[in-house]
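Analysis of the macromolecular model
This is what each chain is made of:
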Amino acid sequence: MDDMLLKLDNLPESRAKLPMYHKIKITVNVAISLNGYISGPGGKRVVISDRVDLERVNDLRAKSDAILVGANTIVNDNPELKIHDSTNRKHARIVLDRKLKIPESSNVLDGTCRTMIFTSNAKRKLKGADLVIMNDDSLGIGNIMAKIEETGIGSLLVEGGSIVINEFISEGIIDDFFIYIGNVILPEDGIKLFRPNMEIRNIIVERKNFGEGILLRIDPLKLVSNA
Ligand SMILES: NC(=O)c1ccc[n+]([C@@H]2O[C@H](COP(=O)([O-])OP(=O)(O)OC[C@H]3O[C@@H](n4cnc5c(N)ncnc54)[C@H](OP(=O)(O)O)[C@@H]3O)[C@@H](O)[C@H]2O)c1
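Note that the structure is a prediction, hence the values are computed from the model and not measured.

**Quick look at the overall build of the protein chain**
Each helix and strand in the protein chain was counted, giving five helices and eleven strands. Among the 227 residues that make up the protein chain, the fraction classed as buried is 36%. Put simply, of all contacts in the protein chain between residues at least 6 apart along the chain, 70% involve residues at least 24 apart.

**Quick look at the pairing of strand β1 (residues 25–32)**
The buried count for β1 comes to six of eight residues, which makes it a mostly enclosed element. Both β1 and strand β8 (residues 176–181) contribute to a ladder of six bridges, which runs parallel. Within the sheet, the bridge partner assigned to Thr27 lies in β8 and is Asp176.

**Digging into helix α1 (residues 51–62)**
Residues separated by three or four positions in an α-helix point in the same direction, a consequence of the helix having 3.6 residues per turn. The end-to-end C-alpha separation of α1 is 17 Å, in line with the 16 Å expected for twelve residues at 1.5 Å each. Buried residues of α1: Asp53, Arg56, Leu60 and Arg61, and no others. With its buried residues spanning 145° around the axis, α1 presents them on a single face. Residues of α1 that are buried sit in contact with β1, β3 (66–70), β7 (155–160), β8, β10 (204–210) and β11 (213–218).

**A word on the site of the ligand**
Gly43, Gly70, Asn72, Gly160 and Gly161 are the nearest of the 31 residues found near the ligand. Looking at the shell around the ligand, the elements with two or more residues in it are β1, β2 (37–39), β3, α2 (71–77), α3 (141–150), β7 and α4 (162–171). The greatest single-element share of the shell around the ligand, amounting to five residues, is contributed by α2. Of the residues that constitute the shell around the ligand, the class distribution is 14 nonpolar, nine polar and eight charged.

**Brief notes about α4**
Inspection of α4 places Ser162, Val164, Ile165, Phe168 and Ile169 among the buried residues, and these make up the whole buried set. Along α4, the residues classed as buried sweep out an arc of 165° about the axis, all on the same side. Positive phi appears at Gly172, one or two residues downstream of α4, with a value of about 70°.

**A closer look at the sheet that holds β8**
Strand order across the open sheet formed by nine strands is β6-β5-β4-β3-β7-β1-β8-β11-β10, with mixed pairing between neighbours. Each having just a single partner strand, β6 (130–133) and β10 make up the two edges of the open sheet. Neighbour to neighbour, the strand axes of the sheet diverge by 20° on average, direction disregarded. Relative to strand β4 (residues 92–96), β3 is paired through five bridges, and the arrangement is parallel. Counterpart to Ala66 in the pairing with β4 is Ala92. Running over the sheet, α4 touches β1, β3, β4 and β7 and is turned about 135° from β7.

**A short note on unusual backbone geometry**
Going from Gly160 to Gly161, the amide bond is cis rather than trans, its omega being -5°. Within the secondary structure, Gly161 is located in the loop between β7 and α4. In this structure, Asn78 takes a positive phi of about 45° despite not being glycine. By secondary structure assignment, the location of Asn78 is in the loop between α2 and β4.

What counts as what
- Residues numbered from 1 in each chain as written.
- Predicted model: local features only at pLDDT ≥ 70, side-chain atom pairs only at ≥ 80, totals over all residues.
- Helix = DSSP H or I, 4+ residues; strand = E, 2+ residues; numbered from the N terminus.
- Buried ≥ 20, exposed ≤ 12 C-beta atoms within 10 Å, placed from the backbone.
- Contact = placed C-beta atoms within 7 Å.
- Pairing = 2+ DSSP bridges.
- Expected span 1.5 Å × (residues − 1).
- Arc of directions from axis to C-beta.
- Near = placed C-beta within 6 Å.
- Nonpolar A, V, L, I, M, F, W, Y, C, P; charged D, E, K, R; others polar.
- Axes fitted to C-alpha atoms, helices over the stretch in contact; angles between N-to-C directions.

Below, the structure is given as C-alpha cells:
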C-alpha cells in the first residue's frame, strides 16, 4: 500500500512552531461521513471506513504505543482496540472515563493487553484495567498526558469520539491529524466531528483518493489557532 500518509515523522511544517508540552507523539485519526458525522443517531456505531481504510488504521495503530478513546466510544461501539499483525507487539489501550461508566463486559477489559482508565470515580472496581484515579478538576488533557508520559508511552493514537478529539484540539498538542471521508451520508441527528460554530479555513495539507473515500491530512495548529 502507498504509505505516503502514514509516515508519522513527516509532520506538517507548522508543527515545528508549536511549543513542546509533552514528548509523546500524538496522532488523531477519525472517519467521517460526507456530511461530517462520526456516528449515527444517539451515537449509534456506523461503518464509515472501507476495507482499505481499515488496513490504514491498523497500520497507524501498529506504529503507536497506545490507542486512546473516550468512554462513550466504549459504551456505544465496544471496540477491541487491537492491532491485527503478525508481530504480536503489545500496545496499551487508554480510556477517558470520568464517572467510570463502561460496562464490565467491555472488550477493552479482555486482558489481552494493558488497559488504563482515567477516572475520578474511586468507588467502583473494574477487572481488566489499571485505574488511574484523579480529582475531577485534574482530569484535563494536559494532566492526563503527563501521567501517560510517566508510563513510558512515546506515541499515542487518539481515535475519538468527538468530545475527546475536541479536548485534544483545544489543548493544542496534536502532532498529526487524519480524517477519512467515507462514501456515505448519515442522518442529521448523529454526532458531528466539529462543532457547528467553528469557522476554520485552509487546514488541509494533503489529500488523496483512498479506497472508496478521501483521506485528508490536516494541520492541527490551524485548528487550534482558529478555534
Ligand atoms: N468515526 C470514527 O472514526 C469514530 C471513532 C471513535 C468513536 N466514534 C463515535 O463517537 C461516538 C462517541 O463520541 P462522543 O463525542 O459522544 O464521546 P467520546 O469522546 O467517545 O467520550 C466522551 C466521554 O469520555 C469521558 N471523557 C472525556 N474527556 C475526559 C477526560 N478528560 N477525563 C475523563 N473522562 C473524559 C466523558 O465521560 P463522562 O460522561 O463520564 O464525563 C465523556 O462523556 C461513539 O458513538 C462512536 O460511534 C467514531
